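# Structural overview for review
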Amino acid sequence: MAKLLSCVLGPRLYKIYRERDSERAPSGVPETPTSVTTPTSSSWASVFWSISYYSSPFAFFYLYRKGYLSLSKVVPFSHYAGTLLLLLAGVACLRGIGRWTHPQYRQFITILEATHRNQSAENKRQLANYNFDFRSWPVDFHWEEPSSRKESRGGPSRRGVALLRPEPLHRGTADTLLNRVKKLPCQITSYLVAHTLGRRMLYPGSVYLLQKALMPVLLQGQARLVEECNGRRAKLLACDGNEIDTMFVDRRGTAEPQGQKLVICCEGNAGFYEVGCVSTPLEAGYSVLGWNHPGFAGSTGVPFPQNEANAMDVVVQFAIHRLGFQPQDIIIYAWSIGGFTATWAAMSYPDISAVILDASFDDLVPLALKVMPDSWRGLVTRTVRQHLNLNNAEQLCRYQGPVLLIRRTKDEIITTTVPEDIMSNRGNDLLLKLLQHRYPRVMADEGLRVVRQWLEASSQLEEASIYSRWEVEEDWCLSVLRSYQAEHGPDFPWSVGEDMSADGRRQLALFLAQKHLQNFEASHCTPFPAQNFQMPWHL
């Protein structure tokens, strides 16, 4: 009877993976696929519930206008609702009986219950052969697990990790009670916009209906990572209570030297590790750790900046303290909006080896203003700064290590005008802010102008023409930078170029811009080829 009840209340089982310890089929020979459960009444019920949830305000307003919310009308309606609930309970019991008669599900529920009682290595190995509703997956790593955090008061609290806060819009204004009362309506409006329309526009991947539509693709991608790449799934508990869904592929046992390096991948606003940018470093031979944003697929919560940083923090801690990678062996690779968590990790973990940002931007405000009416400028700016402040450039400038920016020359998402206008690509602003912070003397008037000309080039031929026009001598540039580093140390900002001629500053500026930016002739969502994946330049 207890087993039958477990089957009734148990999670949905999506797929049973092949035994990963068994012999693989030879290359080119098709392997027998394992079955995936088909959509059931419960999955359709969850879709209808989601539709009902979002449409409920309109439904209540309609019923109120028609007079259906009076007591005389509500009582008969409650009878119909009770009948519907009994039918749903009957369907759930029938589903449980069907599971109970299925030997594979009974075996799965036995392994799941055993793992919850005792998370031994053998129980976890057996449970990893199943793909099921991730809410029932046991927690593998806790944010407080590292002993250094238990002893230190400087780590994150349950309120979250530290973020850079925006400066007040009106500096120098006294924050009196009267001013607070005046600001209250604007603050309430910004809060409502951010928590309803704003968050869903910024992170469409967190919308439940979109996730249901993508579910077959996500299951297929997860099966590929587990069965073909020997990926290991894990649930991490962040400091805010959100559960983060991760996938780790270990290449340290291979003959490829890059397998000793771990690439942590940060996905875009509608990206999932199952089908996202993890494939690029994976094909390049690196060990890879992918994770889903809060509210995406198996991860819980909502993807606000604080929750995003909390999730990234526990992912990095998991990589260091559970997977055994040193910070010097970790590379952060981000695509699009994933640049926020990547730059936060670089700022918070300065010993990380390198940061690679693909199709990312410097600040969210210009991109938000692009898609909203001009009359909403004040509301949009206030809402972004207070609730959705993705300040990538500000965070990246706090990092001292190697950085590579990948600019997509036909990007239609992070340009503020049209994709053909390459100078409106916010990746340019990210590069300029980084170079101006690190090399302020070089990026003075002459250096800034010549880098802007180089960024405006629409082809590799034009770039090479500008580079040769100023007769950039790479050996000379390297010798100047190495001499300065040897004398003053590696910490930025550098004062190199202070006593240099205008031509020398132009050469250095072009040299540094070329080393920090890689062009990729593609649109925003084109997968980045593995053969183009390279480590950032460093002295």
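Residues numbered from 1 in each chain as written. Predicted model: local features only at pLDDT ≥ 70, side-chain atom pairs only at ≥ 80, totals over all residues. Heavy atoms only, no water.

## Re a nonpolar patch on the surface
On the surface, Leu84, Leu85, Leu87 and Leu88 cluster together into a nonpolar patch covering about 420 Å² of accessible area. Tracing the sequence through the fold places Leu85 in helix α3 (residues 71-100). (Patch = residues over 30% accessible without salt bridge, like charges linked within 9 Å, V, L, I, M, F, W, Y side chains within 5 Å. Areas by Shrake-Rupley, 256 points an atom, 1.4 Å probe, with all protein chains shown as cover. Salt bridge = Lys/Arg side-chain N within 4 Å of Asp/Glu carboxyl O. Helix = DSSP H or I, 4+ residues; strand = E, 2+ residues; numbered from the N terminus.)

## Describing the side chain of Asp245
With respect to the element layout, Asp245 can be found in strand β5 (residues 243-249). According to the relative accessible area criterion, Asp245 is buried, its value standing at 0%. Here the side chain of Asp245 touches Tyr273 through a polar contact of 3.0 Å, side chain to side chain. Each residue touching Asp245, except ones within four places of it in the same chain, is listed here: Phe134, Gln222, Arg233, Ala234, Tyr273, Glu274, Gly290, Trp291, Asn292, Gly298 and Ser299. (Buried < 20%, exposed > 50% of the residue type's maximum accessible area, 1.4 Å probe, protein only. Polar contact = N/O pair within 3.5 Å; in protein donor to acceptor, adjacent residues only side chain to side chain. Contact = heavy atoms within 4.5 Å.)

## Digging into the confidence of the model for the protein chain
Overall, the prediction assigns the protein chain a mean pLDDT of 89, with 89% of residues at 70 or greater. Low pLDDT, under 50, characterises residues 21-41; the predicted model gives this stretch 27 contacts beyond four residues in sequence or across chains. (pLDDT = per-residue confidence, 0-100.)

## A few points about the nonpolar core
Of all hydrophobic cores here, the largest spans 97 residues; its most connected members are Ile264, Leu289, Met312, Ile332, Trp344, Tyr439 and Val496. Looking at which element gives the most residues to this core, the answer is helix α10 (residues 305-321), with eight residues. Contacts of Tyr439, omitting those with residues within four sequence positions, involve Leu481, Phe492, Trp494, Val496, Leu512 and His516. One finds Tyr17, Val226, Tyr333 and Ala522 within the second-largest nonpolar core, a separate group that totals 29 residues. (Core = buried A, V, L, I, M, F, W, Y, C linked by side-chain atoms within 4.5 Å.)

## Topic: the sheet that holds strand β8 (residues 330-335)
For sheets, the rule is that strands pair by backbone hydrogen bonds, running either parallel or antiparallel. Read across the open sheet, the nine strands follow the order β3-β4-β5-β7-β6-β8-β9-β10-β11; overall the sheet is mixed. If you trace the sheet from one side to the other, it starts and ends with β3 (141-142) and β11 (517-520), each paired once. Pairing analysis gives four bridges linking strand β6 (residues 262-266) to strand β7 (residues 287-291), with the strands arranged parallel. The residue of β7 that forms the bridge with Val263 is Val288. (Pairing = 2+ DSSP bridges.)

## A closer look at unusual backbone geometry
Omega for the bond connecting Phe492 with Pro493 falls within 30 degrees of zero, at 0 degrees, which places this linkage in the cis form. Its place among the elements puts Pro493 in the loop between α18 (474-488) and α19 (502-516). With a phi close to 60 degrees, Asn230 is a non-glycine residue in the positive phi region. Locating Asn230 in the fold gives a position in the loop between α8 (208-227) and β4 (232-237). The exposure class of Asn230 is partly exposed, given its relative accessible area of 43%. Positive phi, close to 50 degrees, is recorded for Ala297, a residue that is not glycine. A residue is classified by how much of its surface remains accessible, and Ala297, at 33% relative accessible area, is partly exposed.

## Some words on a negative patch on the surface
Where like charges cluster on the molecular surface, the negative patch consists of Glu420, Asp421, Glu456 and Glu462. With respect to the element layout, Asp421 can be found in the loop between β10 (403-408) and α15 (426-438). Residue class for Asp421 comes out partly exposed when judged on its relative accessible area of 31%. (Lys, Arg positive; Asp, Glu negative; His and termini not counted. Charge placed at Lys NZ, Arg CZ, Asp CG, Glu CD.)

## Considerations on the pairing of β5
Counting buried residues along β5, seven of its seven residues qualify, which places the element largely inside the surrounding structure. A two-sided burial pattern is seen for β5, the buried positions comprising Glu243, Asp245, Met247 and Val249 on one face and Ile244, Thr246 and Phe248 on the other. Inspection of the sheet shows β4 paired to β5 by six bridges, in the antiparallel sense. Residue pairing across strands places Ala234 opposite Thr246, the latter belonging to β5. Inspection of the sheet shows β5 paired to β7 by four bridges, in the antiparallel sense.

## A closer look at the environment of Phe132
In this fold, Phe132 is placed in strand β2 (residues 130-132). Once residues lying within four places of it in the same chain are set aside, the contact partners of Phe132 are Pro11, Arg12, Leu13, Tyr14, Phe108, Leu112, Leu127, Trp137 and Arg233.

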